[in-house]
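# Fold and geometry: a report
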Amino acid sequence: MKILFAASEAQPLIKTGGLADVAGSLPQAIAGLGHDVRLVLPAYPAAVEKSSPLVEVAKLALPGSADPVRILEGHLGPQLPLYLIDAPHLFDRRGNPYTTSAGTDWPDNAQRFSLFCRAIAALSMNRAGLGWNPDLVHCNDWQTGLVPAFLATEENRPATLFTIHNLAYQGVFDRATFDSLNLDPALWSPQGLEFHRNFSFIKGGLAFSDWITTVSPTYAREICTPALGYGLEGLLQHRVTRLQGVLNGIDYLLWDPATDPSIVQHFDQTTFERKVSNKLALQQELGLPQNEDAQMFGHIGRLVEQKGVDLILNVLPGMLQRPDLQLVLLGSGDSGLERSLLQTAGAHPSRVAAVIGYDEQLAHRIEAACDCFLMPSRFEPCGLNQLYSLRYGTVPIVHRTGGLADTVVDATPKSLLNASATGFVFDYPHESALWRAVERAIDFWSRPKSWWSKLAISGMSQDFSWDSSAQNYLVIYQKAIDDPAQNPLTGLGIP
Ligand code: ADP
Ligand code: GLC
């Protein structure tokens, strides 16, 4: 199969969250199964620098750009062909791909990503003269949502798959923005891109794609309900026969405690006792007292309401009642939360360390060092940090939602006995429920050390590599190719 994989970020070129991890590893896993996969991203400065040498392979005249858009070709890793869409007036900006340095959305995001979508559609119709027609375009999140809508009216179009990584981010703009983009007026319809009199990018993916996936089976069910459907649950229910949850995998070449170049002491399931050296090293690095018996809790993530960091701060007073307990936090985002983390660490310097910023290597060292990883997300489409934690023998404490529910097995007397337990799971995103799970972890830590190692090693032995998920995607690609969906607007008499 020939697949064009479209995303707005991909590790190691540019990353704000888990989408980048997926876009950097899933296409390679599919290519590894013998398919012709190519990745397309906007030409952000970081992406250009990290993927050079690049060759200009085409110029495309597109609505929305006075100058022709250049297509630059390079590689991600040794094998994966990469196209960068070079429109300097829209993408030649340092820093975060979506926001200004003050954290607000770029005011021209609709122009930026509609042009990106037009370029992807043109590439996939072989209009850039590259002599390559993909069988399927795999779109990811709202930044690529217009692609299925653009392609829906094309003759001999490729199939389209739209993956929802997070339905909370929809790319919604006003009517005037829709008008300014010279889009087909027929798209302005409740069956099309209109969403409560606004213009929704994500509806392009949800309404027009041949198939829809999201990143865990539980989240696929949750988004069909009002609680997590954000008003799109009706459309998703309507398309439920073409909606599937496929759990994300992780890249075990990048996240392997036996080979990770960012950590001081390598270890695996058979040498689990060596993990503690990473704790001692991190304690020294972050100025915490060096104590191998301290139970170290960690959290890494975007500081947004979704992730429930406020719940962690609320249970902290209880945690600090316990001797020998340390907490390490790494994150950036909401400035109020950033301040709270720093204040908390300042008030308890021998117990809490907080690092504000984005630091990939430190994230690896935290995963390697901690005993427990806190992930009290209010919702979590898949979540990758609990998977990295499992791999690094760091016992996850998670809210039973989305991908967290699908990947962590709660430690109960029964699951401990049959060695299926991998973490501590709680049922409500409230501080009292989180606190009870933390208490269970504290209690379990005080039991014979072999109990803890057995739990951690059972997490390490889980297989969350891309192997089976990549196979699942191939089955869905084939279904989308064999059985294209009808354009939702044609039944309305719109060509
Ligand atoms: P989301 O995509 O919602 O942010 P995921 O758990 O799927 O959540 O993925 C988050 C990814 O981003 C992980 O690879 C995590 O390690 C990384 N990450 C998030 N915040 C930071 C940070 N401040 N420093 C380093 N890595 C981070
Ligand atoms: C999103 C979700 C996260 C998921 C990631 C990759 O950002 O919030 O749960 O793991 O995408 O699919």
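Use the structure listed above.
None of these values were measured; they are calculated from a predicted model.

### Quick look at the pattern of salt bridges
Any two side chains of opposite charge can pair, so long as their charged atoms come close to each other. This model, assessed by the stated rule, comprises 20 salt bridges. Close ionic contact of E360 with K15 constitutes a salt bridge, the shortest N to O distance being 3.3 Å. On the criterion of sequence distance, the pair formed by E360 in helix α14 (residues 360-369) and K15 in the loop between β1 (2-6) and α1 (18-32) is long-range, its members being 345 residues apart. Note on K15: relative accessible area 18%, which makes it buried. Between E380 and K307 there is a salt bridge, with the nearest N and O atoms lying 2.9 Å from each other. Of the two residues, E380 is situated in the loop between β16 (372-375) and α15 (385-391) and K307 in the loop between β13 (295-303) and α12 (309-321); the sequence distance between them amounts to 73 residues. By the burial criterion, E380 is buried, and K307 matches it. Taken together, the shared-partner salt bridges in this structure form one network comprising E56, K59, R70 and D86.

### Notes on the sheet that holds strand β3 (residues 55-60)
Strand order in the open sheet made by the 9 strands is β3-β4-β5-β2-β1-β6-β7-β11-β12, with mixed pairing throughout. What marks the edges here is a single partner per strand, and that holds for β3 and β12 (243-245). Mean inter-strand twist for the sheet, computed between neighbouring axes without regard to direction, equals 25°. As defined by bridge partners, strand β11 (residues 211-214) adjoins β12 across 3 bridges and the pair is classed as parallel. When the sheet's bridge partners are listed, T214 is paired in β12 with G245. Here helix α7 (residues 201-208) sits on the sheet and contacts β7 (159-164) and β11; the angle it forms with β7, its principal contact strand, is near 125°. Packing against the sheet, helix α20 (residues 467-482) makes contact with β1, β6 (136-140), β7, β11 and β12, and its axis sits at approximately 135° to β7.

### Observations concerning the pairing of strand β14 (residues 325-333)
Burial analysis of β14 places 7 of its 9 residues in the buried class, which makes it a mostly covered element. Sheet topology places β13 next to β14; 9 bridges connect them, and they run parallel. Paired with L303 across the two strands is G333, which belongs to β14. On the question of chirality, the crossover connecting β13 to the parallel β14 by way of α12 is right-handed. In terms of strand pairing, β14 meets strand β15 (residues 352-356) through 5 bridges, oriented parallel. Bridge pairing links V328 to A353 in β15. Once the chain exits β14 it traverses helix α13 (residues 335-347) before rejoining the sheet at β15, and the crossover so formed is right-handed.

### Quick look at the nonpolar core
Counting 97 residues, the largest nonpolar core has F199 and L236 as its most contacted members. Here this core takes 10 residues from helix α4 (residues 109-124), the largest share from any one element. By size, the runner-up hydrophobic cluster in this structure holds 72 residues, among which are Y392, I397, A421 and F464.

### Thoughts on the site of ligand 1
Of all residues adjacent to ligand 1, which total 20 residues, the nearest are K15, G18, R302, K307 and G357. Between ligand 1 and G357 there is a distance of 2.8 Å, counted from a nitrogen atom to a backbone nitrogen or oxygen. Contact with the protein chains covers 94% of the free accessible surface of ligand 1, which is 560 Å². Taken together, the elements giving at least two residues each to the shell around ligand 1 come down to α1, β13, β14, α14 and α15. Looking at the shell around ligand 1 element by element, the count peaks at 3 residues for β13. Among the residues making up the shell around ligand 1, the classes are represented as 6 nonpolar, 7 polar and 7 charged. Viewed by domain, the shell around ligand 1 spans two of them, domain 1 (2-249 + 468-482) and domain 2 (269-463), each represented by three or more residues.

### Remarks on unusual backbone geometry
Cis geometry marks the peptide bond from Q11 to P12, where omega comes out at 5°. Take P12: it is sitting in the loop between β1 and α1. In this chain, S52 is followed by P53 through a cis amide linkage whose omega measures 5°. Its location among the elements puts P53 in the loop between α2 (45-51) and β3. Within the chain, R197 stands out as a residue other than glycine whose phi angle is a positive 65°. Examined against the element boundaries, R197 turns out to sit in the loop between β9 (194-195) and β10 (198-200).

### Considerations on the packing of α1 against α20
Where α1 contacts α20, the axes come no closer than 9 Å and their chain directions differ by 75°. The pairing of α1 with α20 is recorded here as roughly perpendicular in orientation. Residues L26, A29 and I30 of α1 lie in contact with α20, whose contacting residues are A470, Y473, L474 and Y477. A breakdown of the residues in the contact of α1 with α20 according to their chemical character gives 7 nonpolar, no polar and no charged.

### What to know about the environment of P134
Mapped onto the fold, P134 is located in the loop between α4 and β6. Residue P134 is classed as buried on the basis of its relative accessible area of 5%. Put simply, P134 and A159 are 25 residues apart on the chain and 8.6 Å apart in space, counted from C-alpha to C-alpha. Ignoring any residue separated from it by four or fewer positions in sequence, one finds P134 in contact with K2, I3, L4, L123, S124 and P158.

### Topic: the sheet that holds strand β17 (residues 395-399)
Strand order in this open sheet of 6 strands is β15-β14-β13-β16-β17-β18, and the pairing throughout is parallel. Each having just a single partner strand, β15 and β18 (424-426) make up the two edges of the open sheet. Taken pair by pair, the neighbouring strands of this sheet meet at an average axis angle of 15°, ignoring direction. Of the strand pairs in this sheet, β16 and β17 are connected by 4 bridges, and their pairing is parallel.

Each value, and the rule that gives it
Residues numbered from 1 in each chain as written. Chains lettered and ligands numbered in written order. Predicted model: local features only at pLDDT ≥ 70, side-chain atom pairs only at ≥ 80, totals over all residues. Heavy atoms only, no water. Salt bridge = Lys/Arg side-chain N within 4 Å of Asp/Glu carboxyl O. Helix = DSSP H or I, 4+ residues; strand = E, 2+ residues; numbered from the N terminus. Buried < 20%, exposed > 50% of the residue type's maximum accessible area, 1.4 Å probe, protein only. Pairing = 2+ DSSP bridges. Axes fitted to C-alpha atoms, helices over the stretch in contact; angles between N-to-C directions. Contact = heavy atoms within 4.5 Å. Right-handed = clockwise from strand over helix to strand, strands pointing away. Core = buried A, V, L, I, M, F, W, Y, C linked by side-chain atoms within 4.5 Å. Near = heavy atom within 4 Å. Polar contact = N/O pair within 3.5 Å; in protein donor to acceptor, adjacent residues only side chain to side chain. Areas by Shrake-Rupley, 256 points an atom, 1.4 Å probe, with all protein chains shown as cover. Nonpolar A, V, L, I, M, F, W, Y, C, P; charged D, E, K, R; others polar. Domains from an automatic or database assignment. Parallel < 35°, antiparallel > 145°, perpendicular 65-115°, else oblique.

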